[in-house]
Every structure is written in structure tokens, then in C-alpha cells.
Amino acid sequence: MEHHHHHDEGQAAPSEIALRVKALESLLVEKGLVDPAALDAIIDTYEHKVGPRNGAKVVARAWIDDAYRRRLLIDATAAIAELGFGGRQGEHMIAVENTSDVHNLVVCTLCSCYPWPVLGLPPVWYKSSAYRSRAVIDPRGLLAEFGLAIGEETAIRVWDSTAEVRYLVIPERPAGAEGLGEEALAALVTRDSMIGVARLSRP
Amino acid sequence: MGGMHGLGPVAPDADEPLFHAPWEGRVLAMTLAVGAWGRWNIDASRHQRECIPGPTYLVMSYYEKWLAGLTALIAQTGLATPAEIESGRPAAGAPKLAPPLTADRVADAMAKGSPYTRREGAPPRFVVGDQVRARNINPIGHTRLPRYVRGRQGVIERDHGAHVFPDSNAHGAGEAPQPLYGVAFAARELWGESAAARDLIHLDLWESYLEPA
């Protein structure tokens, strides 16, 4: 009988690495080195609680509240904490603002540093060799691969996260978003725009 | 790998799942949960992943690297023996411990994080606006001074205060905090005339990476 591959995980045979991970977890649990419920809670945190919707709320607040925007640009860690976000991989935050004249782009050429409390865990492309190598030397060519054309009349500022300082891009508020409330504005803000690989389009 | 060519195009996936298979999430969670024992720090775990030989590193997936790093650190620090890791079973008579990170403490632990600023450390040698040059140093161990700025001139843009020094901390030689600065380099200083005239590359660099220019 012909073998059909099923893509739902319940039916696929576990891969070699899945088995190795399972064996390691079982060892760590049996030795009392980890609490399996704590592992579930960590995964749940990044699957359901901490992600780019947090950053979107920060951006929307900065758009509608100029005093907040100024606090965010002066002390992003404190301003982000005002909205209840902070902690692991966001201990020292800096917000950088896109304007008609300046486009900001965030990378970690050395590994995969990323502002977890506001953006969650990084996507695969952010951690890829292609992105890490080219963001600093060829940002325009790289952004073109994301479908974003930035001319030389706009200065690009690339932020290479070499220390424990993490960067959040405040994208430009799209034209046509006048009159929208904070929540509706937050809904327009994408993860990619807060890394600097996308601009926001009109609602 | 900043500034290397030939590593291919970026392939963003609009519908990327957070974890591509459940084991990736388990590796992330185990790394954080075992890290709570405090047997190593974030710099040591980064260094461990850097110790993967280049050709292997380039073909491993992200969480494969994390798994390799975690397994090596567990063995090095004696939290489990290589034989236990190989078999997936505790050695006969091994004591059962109590994990420091329990489910009820996860939310607090993640929300608290671990700040890297320190009060101690020498007063800063540079001030905002100073011209500096990234030193041409090539340490064999862990460093956060990317090769592409070594020997290049930039300007101090921000004083971040004293931060834990990874080159020391990664090797168990202490936190040795020193001033950390935001330094801006003109793209043309790094890449030559073909770079756009107004583009800047910003890095956060520790004081001992820098000399006056």
C-alpha cells in the first residue's frame, strides 16, 4: 500500500531530533532538574501572552500621546513598563523612530538578540545567516527582498544588537489612519514594521 | 557574520508558526528552566553555541543549535553525566532534586528578567560626541566585538552605563562590568564608497573594545 505522509503532528513518526529532545526532557524531569509544568508555562507565555501585540500597543500609544512618545524615546524601558511589559530579553530597551527622512532596521549579527517582551520570539528569517550577514552591509538589497524599497534619499540606520540593549522600531503612522482610536491603531501595527523590514500601509 | 556575502537570500514566511514542531518549544523551555539553576550565564550559553564548528553551524536549525548548547552545558557543569544524557535515564542512585523554576514562578521570572547594568565599574573614559576607533583585537574566546568594525572609526552616541562584560563573564572569569556605549559608524567607513552616504550602523560596544581616534 502506498504510504501517505500526514502533516498533522499526531500521525507523523517523530523525528530523530524529537526523540532526542524527549529523552533529554525525561532525564531532566526524573533528576528533578526541571518541572514539566514550568516548561508548559514557558511555552504558553510565548505562544499566548508575550508577542508583537505588546509592541503594537506601545507604538499606538506613542502615536496618539506625544508625552508618552517623548518618554519612550528618552527611556524606553520605563515607558514600556508603563504598559505592563518588560523582563527577559527586554531589560534595557531603546525605541527608535522612523520618519520621512530616516528608516531604522534592527538586527543581531552575532546571534539572535531580539526584544522578547514587546515582540515575542524572533521569526526564523531574523535568525538566518542571510539576514544577519546582509542587514549591515546591504540593507537596501535586503529590504527589497521583503518587498520594501528605500531610496538613498532616506537614511538607513541599522541597529546591531551586540549587547543586552534591545531595539524597537516605531514605524511611521500610515496616512489614512486619522481618527482611529488607540486599539484600532494598534491593530495596524505589524511585527515586521517594528523590526524595520516593513512600512505600514493605509488601513 | 555581519558583512559576509554569499549566504543566500532572505526567505520570510508570512505564515510561520512560533514553533515548527513541538520539540522546538521544549528546547526553548528547557534552556530557560535549566538556566534557572544558575550554573551558567547567558554569555556562556552564547559562547557554547559559537563553539559549534562553522560548517555544522551553518546547516543546523536554530533550535538544533540551542539543543547542542544546552546538552553540552548540562554535561560540562555536571548537572547530568554524558552517560545519563546518552541513555536518557538517571544513573542508579542519583538523587532526585527540586527544580528551582516551578510553574507558578514562571510568569514572575520571565517578567523580572535579569538586568545587566551594574553600579560598580570605572568611570566612563568617553563622552557622547567623542571620536573612537574599534580596536583591532581578535580574541579566541567569546567576544561581542564584531569583526566588521574592528579598526574602524565611529562616534560615541550614547552612554549606557556599566554593563556586565561578556568576554569575561562567558568564561566564568567574573562579570567585570565596564562602560558600554552606543557607537555609530558611517556605512562608508565600514563598506567604502559604494555604501549610501547617509547610512549609519549602530553597535553597542564595551569600553575596552574602543580607543580614542
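Residues numbered from 1 in each chain as written. Chains lettered and ligands numbered in written order. Predicted model: local features only at pLDDT ≥ 70, side-chain atom pairs only at ≥ 80, totals over all residues.

## Comments concerning the overall build of chain B
For the record, the criterion: Helix and strand labels come from DSSP, where a helix needs a run of H or I of at least four residues and a strand needs a run of E of at least two; each type is numbered from the N terminus. It is the C-beta atoms, placed from the backbone, that decide contacts: two residues are in contact if theirs lie within 7 Å.
Summing up its helical and strand segments, chain B has eight helices and five strands in all. In sequence order, chain B lays out its α and β elements as α-α-α-α-α-α-β-β-α-β-α-β-β. Expressed along its principal axes, the backbone C-alpha trace of chain B runs to roughly 60 × 45 × 35 Å. Taking the intrachain contacts of chain B between residues at least 6 apart in sequence as the baseline, contacts between residues at least 24 apart amount to 64%.

## Quick notes on the packing of helix α3 (residues 52-64) of chain A against helix α4 (residues 66-74) of chain A
Any two packed helices are characterised by how steeply their axes cross, that is the angle between the axes, and by the distance between the axes. Residues and elements named next belong to chain A. Test applied: Interaxial angles span 0 to 180 degrees and are taken between N-to-C directions of axes, which are lines fitted to C-alpha atoms, for helices over the stretch in contact. Here the word oblique covers every angle except those under 35 degrees (roughly parallel), over 145 (roughly antiparallel) and from 65 to 115 (roughly perpendicular). Note: crossing handedness is left-handed where the near helix turns anticlockwise from the far helix by less than a right angle, and right-handed where it turns clockwise. Only Asp, Glu, Lys and Arg are considered charged in this grouping, and only Ala, Val, Leu, Ile, Met, Phe, Trp, Tyr, Cys and Pro are considered nonpolar; every other residue, Gly among them, is considered polar.
In contact at an axis separation of 5 Å, α3 and α4 are set at 125° when each is read in the N-to-C sense. It follows from the interaxial angle that α3 and α4 lie oblique. Where α3 crosses over α4, the two elements pack in a sense that is left-handed. Seen from α3, the contacting residues are Val58, Arg61 and Ala62; seen from α4, they are Tyr68, Arg69 and Leu72. Here the residues of the contact of α3 with α4 sort into four nonpolar, no polar and two charged.

## A short note on the sheet that holds strand β3 (residues 178-186) of chain B
Note the following rule: Paired strands are those between which DSSP finds at least two bridges.
Strand order in the open sheet formed by seven strands is β2(A)-β3(A)-β4(B)-β3(B)-β2(B)-β1(B)-β5(B), with mixed pairing between adjacent strands. Looking at which strands have only one partner, the edges of the open sheet turn out to be β2 (102-107) of chain A together with β5 (210-212) of chain B. The average angle at which neighbouring strand axes cross in this sheet is 35°, direction not considered. Where β2 of chain A meets strand β3 (residues 155-160) of chain A, six bridges bridge the pair, whose relative direction is parallel. What sits directly across from Val106 of chain A, in β3 of chain A, is Trp159 of chain A.

## Notes on the interface of chain B and chain A
If you look at the interface, chain B gives 71 residues, while chain A gives 63 residues. Of all elements in the fold, only α1 (22-35), α4 (62-76), α5 (82-87), α6 (103-112), β2 (153-163) and β4 (200-206) of chain B reach the threshold of two or more residues within the side of chain B that touches chain A. Looking at the side of chain B that touches chain A element by element, the count peaks at ten residues for α1 of chain B. Classifying every residue of the side of chain B that touches chain A by side-chain character gives 45 nonpolar, 13 polar and 13 charged. Pairing geometry for β3 of chain A and β4 of chain B, over four bridges, is parallel. If you follow Val158 of chain A over to β4 of chain B, its bridge partner there is Ile201 of chain B.

## Re the packing of helix α2 (residues 42-50) of chain B against α4 of chain B
Residues and elements named next belong to chain B. Put simply, α2 and α4 touch, their axes get as near as 9 Å, and they point 115° apart. Taken together, the axes of α2 and α4 are roughly perpendicular relative to one another. Where α2 crosses over α4, the handedness of that crossing is right-handed. Judged by residue contacts, Ser45, Gln48 and Arg49 of α2 engage Lys65, Gly69, Ala72 and Leu73 from α4. Broken down by class, the residue content of the contact of α2 with α4 amounts to two nonpolar, three polar and two charged.

## Focus: the nonpolar core
Which entries qualify depends on this criterion: The term nonpolar core refers to a set of buried Ala, Val, Leu, Ile, Met, Phe, Trp, Tyr and Cys residues connected through C-beta atoms within 7 Å. Whether a residue is buried, exposed or partly exposed follows from its count of other C-beta atoms within 10 Å of its own C-beta, namely 20 or more, 12 or fewer, or something in between, respectively; the C-beta atoms are built from the backbone.
In this structure, Val59 and Leu168 of chain A together with Leu205 of chain B are the most contacted members of the largest nonpolar core, which totals 74 residues. Top element by residues in this core is α3 of chain A. It accounts for six residues. Counting 34 residues, the second-largest nonpolar core is a separate cluster that includes Leu33 of chain A together with Leu32, Ala44 and Leu101 of chain B.

## Examining the pairing of strand β4 (residues 165-170) of chain A
Side chains on a regular strand alternate between the two faces of the sheet. When you tally the buried positions in β4 of chain A, you get six out of six residues, the bulk of the element. Residues Val165, Tyr167 and Val169 of chain A point to one face of β4 of chain A and Arg166, Leu168 and Ile170 of chain A to the other, with burial holding for every one of them.

## What to know about helix α1 (residues 16-30) of chain A
As a reminder, the rule being used: Helix span, as expected, comes to 1.5 Å for every residue beyond the first. Directions from the helix axis toward the C-beta atoms define the arc.
Taking 1.5 Å per residue, 15 residues should reach 21 Å; α1 of chain A reaches 21 Å between its end C-alpha atoms and fits that length. For α1 of chain A, the complete set of buried residues consists of Val21, Leu24, Glu25, Leu27 and Leu28 of chain A. Here the buried residues of α1 of chain A occupy an arc of 160° about the axis, which is enough to place them on one side. Packed against the buried residues of α1 of chain A are α1, α4 and α5 of chain B. Looking one or two places after α1 of chain A, you find Gly32 of chain A, whose phi comes out positive at around 75°.

## Here we look at α1 of chain B
With 14 residues, α1 of chain B should reach 20 Å at 1.5 Å per residue; the first-to-last C-alpha distance of 20 Å fits that figure. Here α1 of chain B has its buried residues at Trp23, Glu24, Gly25, Arg26, Val27, Leu28, Ala29, Met30, Leu32, Ala33, Val34 and Gly35 of chain B. Next to the buried residues of α1 of chain B lie α1 and α2 (36-49) of chain A together with α4 of chain B.

## Regarding the domain arrangement of chain A
In plain terms, the rule: Throughout the structure description, domain borders are defined by an automatic or database domain assignment.
Annotation of chain A at the domain level lists domain 1 (16-48) and domain 2 (51-195). Put simply, the middle of domain 1 of chain A and the middle of domain 2 of chain A, counted by C-alpha atoms, are 31 Å apart.

## Looking at the environment of Ala98 of chain B
Within the secondary structure, Ala98 of chain B sits in the loop between α5 and α6. Taking the C-alpha atoms as reference points, Ala98 of chain B and Arg198 of chain B, separated by 100 residues in sequence, lie 56 Å from one another.

## Focus: the domain arrangement of chain B
Residue and element names in this part refer to chain B. Taken domain by domain, chain B consists of domain 1 (22-112) and domain 2 (131-212). A C-alpha centroid distance of 29 Å is found between domain 1 and domain 2. Tallying the contact residues gives six residues for domain 1 and four residues for domain 2. Broken down by class, the residue content of the side of domain 1 that touches domain 2 amounts to one nonpolar, two polar and three charged.

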